[in-house]
Amino acid sequence: MNTPDYVPGHGLLKDRTAVVTAAAGAGIGGATARRLLEEGARIVIGDAHARRLKETEEALAAEFGADRVTSLPCDVTDEDQVRALFALAEHTHGRLDIVVNNAGLGGTAALVDMTDTQWSRVLDVTLNGTFRCTRAALRALKASGGGGVIVNNASVIGWRAQTGQAHYAAAKAGVMALTRCAALEAAEFGVRVNAVAPSLAMHPHLAKVTSEELLAELTAREAFGRYAEPWEVANVIVFLASAYSSYMTGETVSVSSQHA
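This one's a predicted model, so the numbers in the text were calculated from it and none came from an experiment.

> Sorry, what's going on with the layout of surface pockets here?
Once rolled over the atoms, a probe with the size of a water molecule shows which space is left empty. Taken as a whole, the second largest pocket spans an internal volume of roughly 200 Å³. Around the second largest pocket, the lining residues are F131, T134, R135, L138, K142, L178, C181, A182, E185, E188 and F189. Residue assignment for the lining of the second largest pocket shows that the elements contributing at least two residues are α4 (116-144) and α5 (166-186). With 5 residues, the top contributor of residues to the lining of the second largest pocket is α4. When its residues are assigned to classes, the lining of the second largest pocket shows 6 nonpolar, 1 polar and 4 charged.

See the structure below:
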């Protein structure tokens, strides 16, 4: 199946303010930042890679307007940097409506060879980072009293098994559990918390760190015989961030065509 045509924006998030982590580059975060802008939102983007983040900000600002795009380097393992990112959103735009927790770190290592450092690093970025950003978001959204939406980036590997991925699978399963628990707590002040679980969304970094053989094997598992484009995952994130999903919370939506 060929990749479908890109879906144009429909103003679903007009005048909303969104924070997106790990938003520099050509992956899901970058695609989500663009989709949010196309749907009318203002965005504050963070990423641990300062140079790429600045380049992304400049490119998006040139296309959508400098008043709608702000960035701040943010390593989600650093609580002070997380707080600064959310403070910037509120200071710049006076409000916060949407948070997309996209930061995550993978890697491949057999469990018998995995070091504590490898395990802890993946968990700290992928799970603990999502916790830190969710906590910061909930504090801000509860204080504002205006409701809001959080969308976490999980993975189908949180449900399924894959060799060499014990740390990443555990982290993503944790993101799903965190999403469900946060949703229950946030409901009382009008905030929805959901997650997406992509299977295989291709971007340059993934191609660098994954062998051609494994990518071919993973692609063969997809019913459409192709990987997802990052913007196809971003479309589902936009849906969860919009009023079209107003009765959904605590859910993890699979963005996958895997049949095995």
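> Could you clarify how one ought to interpret the sheet that holds strand β1 (residues 17-20) in this entry?
Strand-to-strand pairing in sheets goes through backbone hydrogen bonds, with the strands running parallel or antiparallel. Pairing is parallel across the open sheet formed by 7 strands, whose spatial order is β3-β2-β1-β4-β5-β6-β7. Across the chains shown, the open sheet's two edge strands, defined by having one partner strand only, are β3 (69-73) and β7 (252-255). When the angles between neighbouring strand axes are averaged without regard to direction, this sheet yields 20°. Bridge count between strand β2 (residues 42-47) and β3: 5 bridges; the pairing is parallel.

> Whenever I open this one, the pattern of salt bridges confuses me. Can you help?
For side chains of opposite charge, pairing can occur when their charged atoms come near one another. Inspection of every chain in the model, using the stated rule, returns 9 salt bridges. With a closest N to O distance of 3.0 Å, R35 and E38 form a salt bridge. Of the two residues, R35 and E38 are both situated in helix α1 (residues 28-38); the distance of 3 residues between them amounts to about one turn of the helix. We classify R35 as buried; its relative accessible area is 1%. Exposure remark for E38: the relative accessible area of 22% places this residue in the partly exposed category. When salt bridges that share partners are traced, they join R34, R35, E38 and E63 into one network.

> Sorry if this is basic, but what is going on with the side chain of N194 here?
When you line up the elements, N194 lands in strand β6 (residues 191-198). At 2.9 Å, the side chain of N194 and the backbone oxygen of M248 are in polar contact. Not counting chain neighbours up to four residues away, the residues in contact with N194 comprise I150, V151, N152, T179, L240, M248, T249, G250 and E251.

> Even after reading the chapter, I still don't get the pairing of β2, so can you show me in this structure?
Look at any regular strand and the pattern is simple: side chains alternate between the two faces of the sheet. Counting buried positions along β2 yields 6 of 6 residues, so the element is predominantly enclosed. As paired strands, β1 and β2 are joined by 4 bridges and run parallel to one another. Paired with A18 across the strands is I43, a residue of β2. What joins β1 to β2 is α1, and the crossover it makes is right-handed.

> Looking at this model, I keep getting lost on the nonpolar core. Mind explaining?
What tends to happen in soluble globular proteins is that the nonpolar side chains get buried as a cluster. Within the largest apolar cluster, 31 residues are counted, with the highest numbers of intra-cluster contacts made by L36, I43 and V196. Of all the secondary-structure elements, those providing two or more residues to this core are β1, α1, β2, α2 (50-64), β4 (98-101), β5 (148-153) and α8 (230-241). Per-element tally for this core: the top contributor is α8, with 6 residues. Apart from residues lying up to four places away in sequence, V196 is in contact with V151, N152, N153, A154, S155, V233, V236, I237, L240, T252, V253 and V255.

> So what exactly am I meant to see when it comes to the environment of V99 here?
Tracing the backbone through its elements, the reader meets V99 in strand β4. Of the residues examined, V99 reaches a relative accessible area of 0% and is grouped as buried. For the pair V99 and V19, spaced 80 residues apart in sequence, the C-alpha separation works out to 4.8 Å. Not counting the four nearest positions on each side in its chain, V99 is found in contact with V19, F86, A137, V149, I150 and V151.

Rules used throughout
Residues numbered from 1 in each chain as written. Predicted model: local features only at pLDDT ≥ 70, side-chain atom pairs only at ≥ 80, totals over all residues. Heavy atoms only, no water. 1 Å grid on protein atoms, 1.4 Å probe; cavity = no way out; pocket = protein on both sides within 12 Å on 5 of 7 lines; lining within 4 Å. Points joined across faces, edges and corners; volume = space filled by probe spheres on them. Helix = DSSP H or I, 4+ residues; strand = E, 2+ residues; numbered from the N terminus. Nonpolar A, V, L, I, M, F, W, Y, C, P; charged D, E, K, R; others polar. Pairing = 2+ DSSP bridges. Axes fitted to C-alpha atoms, helices over the stretch in contact; angles between N-to-C directions. Salt bridge = Lys/Arg side-chain N within 4 Å of Asp/Glu carboxyl O. Buried < 20%, exposed > 50% of the residue type's maximum accessible area, 1.4 Å probe, protein only. Polar contact = N/O pair within 3.5 Å; in protein donor to acceptor, adjacent residues only side chain to side chain. Contact = heavy atoms within 4.5 Å. Right-handed = clockwise from strand over helix to strand, strands pointing away. Core = buried A, V, L, I, M, F, W, Y, C linked by side-chain atoms within 4.5 Å.

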